[in-house]
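Spelled out, the chains give:
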Amino acid sequence: LCVLQDTVDPVADEHLANFVTSSHMRSVPTSDIARGVVPDPDGGGGTVGVDPDIIPQDLFRKYIEYARVNVRPVLRGSTFDQEKIASLYVALRRESSSSGGVPIAVRHIESIMRMSEAHAKMHLREYVRDDDMDASITMMLHSFIMAQKFSVRRSLQRSFAKFLSSGKDIGF
């Protein structure tokens, strides 16, 4: 489980609102489009203004469905470092209690395991690898640290910096 922190940023909020509304309009045809009164904006066949890095929604849905039905990543002792998780848990409990922060719970370990499986599934892998575990640790740590009060947050960021600077999948 991760804490969701909603920070107010007017520029980012506007971009997000525009994205959600345009995405909804593309994926859920309005009654006018369904009746044929207004032409379908995506039905023109042209690709003007389309970002080549953005996956079309219908292809993305197929990808997610394929992963959901066909991919079941397995956690094996030989594919990830169990000691790393245990030492991280002990260090986080010690650090958060000594600095007066909210302590981490066992459910956070379970969350790391589930998120690492989800990360492997997203990459269509049969087994959970160390990089899947690292990505889930980074996500959980970032969420946990950002939920702390400011003084504790800075201390935790310094203490766990090596876990927070990871690969390209995490956009923090």
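Residues numbered from 1 in each chain as written. Predicted model: local features only at pLDDT ≥ 70, side-chain atom pairs only at ≥ 80, totals over all residues. Heavy atoms only, no water.

A. Main features of the overall build of the protein. A count of helices and strands for the protein gives eight helices and zero strands. Counting helices and strands in the order they occur from the N terminus, the protein gives α-α-α-α-α-α-α-α. Within the protein, the fraction of its 172 residues that count as buried is 25%. Of the contacts formed within the protein by residues at least 6 apart in sequence, a portion of 69% connects residues at least 24 apart. Accessible surface, the protein: about 11,900 Å² in total, of which carbon and sulfur atoms supply 57%. (Helix = DSSP H or I, 4+ residues; strand = E, 2+ residues; numbered from the N terminus. Buried < 20%, exposed > 50% of the residue type's maximum accessible area, 1.4 Å probe, protein only. Contact = heavy atoms within 4.5 Å. Areas by Shrake-Rupley, 256 points an atom, 1.4 Å probe, with all protein chains shown as cover.)

B. How the structure looks around unusual backbone geometry. Positive phi, normally seen in glycine, also occurs at L124, with a value near 60 degrees. By secondary structure assignment, the location of L124 is in the loop between α5 (106-122) and α6 (130-146).

C. Broad picture of helix α4 (residues 82-98). For α4, with 17 residues, the first-to-last C-alpha span of 25 Å sits near the 24 Å given by 1.5 Å per residue. Along α4, the residues that are buried comprise I85, L88, Y89, A91, L92 and S96. (Expected span 1.5 Å × (residues − 1).)

D. Just the nonpolar core, in detail. By size, the foremost hydrophobic cluster in this structure holds 20 residues, and its most contacted members are L88, L92, I112, I137, M140, L141 and F160. Among the secondary structure elements, those contributing two or more residues to this core are α4, α5, α6 and α7 (150-159). Counting residues per element, this core draws most heavily on α6, which supplies six residues. Setting aside anything within four residues of it in sequence, one finds I137 in contact with K84, I85, L88, I112 and F163. (Core = buried A, V, L, I, M, F, W, Y, C linked by side-chain atoms within 4.5 Å.)

E. Spatial organisation of the environment of R94. Take R94: it is sitting in helix α4. Judged by relative accessible area, which is 53%, R94 ranks as exposed. Sequence spacing of R94 and I104 is 10 residues, and the spatial spacing of their C-alpha atoms is 9.4 Å.

F. How the structure looks around α5. Between its terminal C-alpha atoms α5 stretches 25 Å, which fits the 24 Å expected from 17 residues at 1.5 Å a residue. Inspection of α5 places H108, S111, I112, M115, S116, H119 and A120 among the buried residues, and these make up the whole buried set. Contact partners of the buried residues in α5: α4 and α6.

G. Expanded view of the packing of α4 against α5. Running from amino to carboxyl end, α4 crosses α5 at an angle of 145 degrees, the nearest separation of the two axes being 11 Å. The chirality of how α4 crosses α5 is right-handed. When α4 is examined against α5, the residues I85, L88 and Y89 are found in contact with a partner set consisting of V106, I109 and I112. For the contact of α4 with α5, the class distribution of residues is six nonpolar, no polar and no charged. (Axes fitted to C-alpha atoms, helices over the stretch in contact; angles between N-to-C directions. Left-handed = near helix turned anticlockwise from the far one by under 90°. Nonpolar A, V, L, I, M, F, W, Y, C, P; charged D, E, K, R; others polar.)

H. Geometry of the confidence of the model for the protein. Taken residue by residue, the protein gives an average pLDDT of 76. The fraction at 70 or more is 73%. Per-element mean pLDDT across the protein ranges from 51 in helix α2 (residues 31-35) up to 93 in helix α3 (residues 57-70). For the stretch residues 44-48, pLDDT sits under 50, and the model shows zero contacts to residues farther than four places along the chain or on other chains. (pLDDT = per-residue confidence, 0-100.)

I. Representation of the pattern of salt bridges in the model. Taken as a whole and assessed by the stated rule, the structure comprises five salt bridges. Note that R68 is salt-bridged to E65, the shortest N-O span being 3.3 Å. Here the residue R68 and the residue E65 both occupy positions in helix α3, the gap between them amounting to three residues, near one helical turn. Here R129 and D131 are joined by a salt bridge, their closest N and O atoms 2.8 Å apart. Take R129: its relative accessible area is 39%, and that puts it in the partly exposed class. (Salt bridge = Lys/Arg side-chain N within 4 Å of Asp/Glu carboxyl O.)

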